[in-house]
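# Understanding the architecture of this molecule
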Amino acid sequence: MQVIQQQFQVAFSYPVVFTRNVFDPANPVLADLLAAGEPGIRRALVVIDSEVVRLNPGLLAQISLYGEAHRARMVFAAPPFQVRGGEICKHEPSEVAEIHALVERHKICRHSFIIAIGGGAVLDAVGYAAATAHRGVRLVRLPTTVLAQNDAGIGVKNGVNAFGRKNFLGTFAPPFAVINDAVFLGSLPLRDRRAGVAEAIKVALIRDREFFDYLYDERARLASFSPDVMERMIFRCAELHMQHIGGGGDPFESGSSRPLDFGHWVAHKLEELSASELKHGEAVAIGIALDSLYSRRQGLLGEIELRRIMNLLETVGFALNHPALSWLDVEKALSEFREHLGGKLSIPLLAGIGTKVEAHEIDIALMKQCVGALFERASARTDVARASLESGARRVA
Ligand SMILES: NC(=O)c1ccc[n+]([C@@H]2O[C@H](COP(=O)([O-])OP(=O)(O)OC[C@H]3O[C@@H](n4cnc5c(N)ncnc54)[C@H](O)[C@@H]3O)[C@@H](O)[C@H]2O)c1
Ligand SMILES: [Zn+2]
């Protein structure tokens, strides 16, 4: 037998820049990033979430003005291409092929750029198209939702759904750069603002007790999406996610564990079971509640800590009792999660707020009890809220 052992390392580096009004012609951030390091005029294809266009009527004109203002350094190869916003673009991803065709037609090469503007779903689908055209066209992401700015848009993954399974097709492909512009969040529906908070609670729970305390203390202002709390929350959440990806030793998830995926084994399943009626962040909130409950019943988490977690989730406004929870097959969901990761089962649990442990076995009967307990608890809260609303209505009458 003869073996030639190949071995090399590739270093990745990309900035996540926080700015405002990225397409204001006076804002040089985007043009500076595209022009950095190489002479000549950079070509870029803009792909944008249709909802962002719909709710920001002047945006397309502004993008075009931006191109005019910076034409000495960059050129938009075509008018912005609109992609259907939300999970549909991952679920029926016809636009991926259309983006490939645009790359070919407009001569977008490996030194050109795709600029993806949108929520996490659009960024995932466009990222997949960018990573597979020419084996990887440079991607600049402009996330426009809370969840995309603090999680989905700043990492190294992309993907679309297939065979009814989330992210079945996808690649690990670090972006060239990410630009987080808080102004985009102005048009975001309240439900989507809330959904993004779940990932911040998640990362605080597994990595940073102080950050959790901050979110807990500010829970009332978080519930009303106070801009300063939201911006601080997004920044710290993004920072923690990036520290983990860069410093966690496994950016491309070759191992069996996915330490950032606290609450996610069930979240992914609930998204599927609800046919995406539940948003990713909403499903993650339920997943956090469930795995916290399980951590408590395993004796890992204190009662007061559990109460603080539930209180924070509920104060922010998450409903923890979606019907999909009652359709959940715990065993099947865990086995599919393991299958997606490959290797052995590894589920992050909490050994206190800010401290995560990996569980390689789950007590199915206990987990089922937790699902039942969560469902009953949340239903009881709904009944109390309904009764108090009705008695309020009677008093008014
Ligand atoms: N790649 C990753 O590492 C990663 C991580 C977490 C989540 N995700 C994926 O991200 C997706 C969820 O992303 P999301 O929470 O951003 O939701 P989303 O992309 O589905 O967006 C939610 C809705 O808001 C609209 N929208 C986007 N920006 C808007 C704006 N500024 N104003 C008004 N409407 C706007 C979208 O069109 C959509 O209808 C899921 O598919 C999830 O799997 C990926
Ligand atoms: Zn997530």
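Above this note sits the structure.
What this report covers is the structure whose coordinates are included nearby. Everything quoted here is computed from the prediction, not taken from an experiment. (Residues numbered from 1 in each chain as written. Chains lettered and ligands numbered in written order. Predicted model: local features only at pLDDT ≥ 70, side-chain atom pairs only at ≥ 80, totals over all residues. Heavy atoms only, no water.)

## Structural notes on the site of ligand 1
Around ligand 1 lies a shell of 25 residues, among which Asp 49, Glu 87, Thr 144, Thr 145 and Ser 187 are the nearest. The contact in question runs from a nitrogen atom of ligand 1 to an N or O atom on the backbone of Lys 157, over 3.2 Å. Taken by itself ligand 1 offers 870 Å² of open surface, and the protein chains cover 90% of this. Of the residues assigned to the shell around ligand 1, the class counts are eight nonpolar, eight polar and nine charged. (Near = heavy atom within 4 Å. Polar contact = N/O pair within 3.5 Å; in protein donor to acceptor, adjacent residues only side chain to side chain. Areas by Shrake-Rupley, 256 points an atom, 1.4 Å probe, with all protein chains shown as cover. Nonpolar A, V, L, I, M, F, W, Y, C, P; charged D, E, K, R; others polar.)

## Here we look at the pattern of salt bridges
Under the counting rule described, the total for this entry stands at 31 salt bridges. One salt bridge in this structure joins Arg 71 and Glu 68, with 3.6 Å as the shortest N-O distance. Judged by relative accessible area, Glu 68 falls into the partly exposed class, the value being 46%. A salt bridge links Arg 191 to Glu 282; the shortest N-O distance between them is 2.5 Å. Taken as a pair, Arg 191 in helix α8 (residues 190-207) and Glu 282 in helix α13 (residues 280-297) lie far apart in primary sequence, 91 residues in all. Residue classification places Glu 282 among the buried positions, given a relative accessible area of 13%. (Salt bridge = Lys/Arg side-chain N within 4 Å of Asp/Glu carboxyl O. Buried < 20%, exposed > 50% of the residue type's maximum accessible area, 1.4 Å probe, protein only. Helix = DSSP H or I, 4+ residues; strand = E, 2+ residues; numbered from the N terminus.)

## What to know about the nonpolar core
With 69 residues, the main nonpolar core has Phe 211, Leu 215, Met 233 and Trp 265 as its most contacted residues. The dominant element in this core, judged by the number of residues it contributes, is α13, at nine residues. With residues near it in sequence (within four places) discarded, Leu 215 still touches Ala 200, Ile 201, Ala 204, Leu 222, Met 233 and Leu 312. (Core = buried A, V, L, I, M, F, W, Y, C linked by side-chain atoms within 4.5 Å. Contact = heavy atoms within 4.5 Å.)

## A closer look at the packing of helix α5 (residues 94-105) against helix α6 (residues 120-132)
Following both chains from N to C, one finds α5 and α6 inclined at 40 degrees, their axes separated by 9 Å at the closest point. By the angle class used here, α5 and α6 are oblique. In this structure, α5 crosses over α6, and the sense of that crossing is right-handed. In contact with Val 96, Ile 99 and His 100 of α5, α6 contributes Ala 125, Val 126, Tyr 128, Ala 129 and Thr 132. Partitioned by chemical class, the residues of the contact of α5 with α6 number six nonpolar, two polar and no charged. (Axes fitted to C-alpha atoms, helices over the stretch in contact; angles between N-to-C directions. Parallel < 35°, antiparallel > 145°, perpendicular 65-115°, else oblique. Left-handed = near helix turned anticlockwise from the far one by under 90°.)

## A closer look at the coordination of the zinc ion (ligand 2)
Around the zinc ion (ligand 2), the protein contributes the donor atoms Glu 199 (OE), His 264 (NE2) and His 280 (NE2), at 2.0 to 2.2 Å from the metal centre. As a motif over one chain, the donors of the zinc ion (ligand 2) read E-x64-H-x15-H. With Glu 199 in helix α8 and His 280 in helix α13, this pair connects stretches of sequence that are 81 residues apart. Judged by its relative accessible area of 21%, His 280 is partly exposed. (Donors = N, O, S within 2.8 Å, 3.2 Å for Na, K, Ca; no water.)

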